[in-house]
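Here are the chains, one letter per residue:
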Amino acid sequence: MTQAFYLLWALARGFGGATQTAMLGSMGRTRGPAEATWVSIAATVAGLAVLFSVRALRGDDPLLPAPFNQPLIFAGIAAVTGVSLALSMRGLDPYLAVTGLFGLAFLVSTGELVPRLGVALFLGASTAGTLMGRVAYDHIGAFGGAVHHVTPLRLGGLLFMMFGVVLVRLD
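Our subject in this report is the structure included herewith.

**Re the overall build of the chain**
Point 1. Along the chain, the regular secondary structure elements total six helices and zero strands.
Point 2. The order of α-helices and β-strands along the chain, N terminus first, is α-α-α-α-α-α.
Point 3. Expressed along its principal axes, the backbone C-alpha trace of the chain runs to roughly 55 × 40 × 20 Å.
Point 4. In the structure as shown, the chain presents an accessible area of about 9,700 Å², 73% of it carried by carbon and sulfur atoms.

Dropping the structure here:
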């Protein structure tokens, strides 16, 4: 794969971070910030446990010490956190349950992309993706957030951010 693909992946990962931030803000307004965090972490842990379970069932055991190298352990963790997530989501829009999956993608992609891009280029591209996502979400007031329309100054900020990524890449 080319570095351009990894840069696009980092940008998308940043956009996903913006999505998670907007969704956490929505839950935070409804329930409170700690409660929104709880829901997000429950989904992250459940998603990671499912990922490890599927990998282990395919014969790709997690490189963790016992008992965390067994699919049954992760299946149990997925079940417990899945129930916790379902109970915690009562009264919230169901789509908000995926908030933590953005966190999972954030963490896993960091482990995959940093060795390929380096920390500076990865963080620059990821931050640029986050900023693009936030500007887009602010413009439409996504997930019940305040509306902050796109202005020439905001677009200029995005361009400067992208220019910074190019400069880091050229090094």
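**A look at the packing of helix H2 (residues 33-57) against helix H3 (residues 71-88)**
Point 1. Interaxial distance between H2 and H3 falls to 8 Å at its minimum, and their mutual angle equals 155°. Relative to H3, the element H2 lies roughly antiparallel. In terms of crossing hand, the pair formed by H2 and H3 is left-handed. Seen from H2, the contacting residues are Trp-38, Val-39, Ala-42, Ala-43, Val-45, Ala-46, Ala-49, Val-50, Phe-52, Ser-53, Ala-56 and Leu-57; seen from H3, they are Pro-71, Phe-74, Ala-75, Ile-77, Ala-78, Thr-81, Gly-82, Ser-84, Leu-85 and Ser-88.
Point 2. For the contact of H2 with H3, the class distribution of residues is 17 nonpolar, five polar and no charged.

**Observations concerning the side chain of Ser-109**
Point 1. Relative to the assigned elements, Ser-109 resides in helix H4 (residues 99-117).
Point 2. Within the structure, the side chain of Ser-109 is placed 3.2 Å from the backbone oxygen of Phe-106, a separation counted as a polar contact.
Point 3. Not counting residues within four places of it along the chain, the set of residues in contact with Ser-109 comprises Trp-9, Arg-13 and Phe-122.

Conventions adopted
- Residues numbered from 1 in each chain as written.
- Predicted model: local features only at pLDDT ≥ 70, side-chain atom pairs only at ≥ 80, totals over all residues.
- Heavy atoms only, no water.
- Helix = DSSP H or I, 4+ residues; strand = E, 2+ residues; numbered from the N terminus.
- Areas by Shrake-Rupley, 256 points an atom, 1.4 Å probe, with all protein chains shown as cover.
- Axes fitted to C-alpha atoms, helices over the stretch in contact; angles between N-to-C directions.
- Parallel < 35°, antiparallel > 145°, perpendicular 65-115°, else oblique.
- Left-handed = near helix turned anticlockwise from the far one by under 90°.
- Contact = heavy atoms within 4.5 Å.
- Nonpolar A, V, L, I, M, F, W, Y, C, P; charged D, E, K, R; others polar.
- Polar contact = N/O pair within 3.5 Å; in protein donor to acceptor, adjacent residues only side chain to side chain.

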